[in-house]
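Listed here are the chains, written in short residue letters.
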Amino acid sequence: METLPEEHAILRIMARPNDVNVAGDIFGGWLMSQCDIAGGIIASRKAGGRVVTVAVKDFQFLAPVLVSDIVSIYAHDVQIGTTSVTIGIEVFSERRQAGQEQIIKVATALIVYVHIDDHRQPMPISAS
């Protein structure tokens, strides 16, 4: 069984019935969207301003997310370039079944964001 990382989750959300796919599991696109939101929060902080998603370098679904799971998303910077930030994501589900709580690592990702100016053009990230 997994344990949650020591740091605070960037985003925590409960998976709901309207988020399921035809198989009854949580739709992968929903999970990707939540990861993009969490990654964008960290990327914006690192860049010191507005960022846009430019690439999902890697996204691995390790286990299904079920309705009522509490999804916790952890994010950290992996690489900071001149205008871009690559964010590493880990996703865990807290699941209660038969009165017992399980923590399951359900996904990992690498997402790239670019820092942009008011004209939506790439802009250098200042050293922080």
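Residues numbered from 1 in each chain as written. Predicted model: local features only at pLDDT ≥ 70, side-chain atom pairs only at ≥ 80, totals over all residues. Heavy atoms only, no water.

## A look at the pattern of salt bridges
For the structure shown, the criterion picks out five salt bridges. For the salt bridge of Arg12 with Glu94, the shortest nitrogen-to-oxygen distance reads 3.0 Å. Of this pair, Arg12 sits in strand E1 (residues 11-14) while Glu94 sits in strand E4 (residues 84-97), placing them 82 residues apart in sequence. Given a relative accessible area of 47%, Arg12 falls into the partly exposed group. (Salt bridge = Lys/Arg side-chain N within 4 Å of Asp/Glu carboxyl O. Helix = DSSP H or I, 4+ residues; strand = E, 2+ residues; numbered from the N terminus. Buried < 20%, exposed > 50% of the residue type's maximum accessible area, 1.4 Å probe, protein only.)

## A closer look at the packing of aromatic side chains
Counting across every chain of the model gives two aromatic pairs. Look at Phe59 and Phe61: their rings are 4.8 Å apart centre to centre, the planes differ by 40 degrees, and that puts the pair in the tilted class. The exposure class assigned to Phe59 is buried, which follows from its relative accessible area of 16%. Between the aromatic rings of Tyr74 and Phe92, the centroid separation amounts to 5.8 Å while the plane-to-plane angle is 85 degrees, which identifies the pairing as edge-to-face. Taken together, the residues Tyr74 in strand E3 (residues 70-80) and Phe92 in strand E4 connect sequence positions 18 residues apart. The class of Tyr74 is buried, set by a relative accessible area of 5%. The class of Phe92 is buried, set by a relative accessible area of 3%. (Phe/Tyr/Trp six-rings, centres within 6.5 Å; stacked < 30°, edge-to-face > 60°.)

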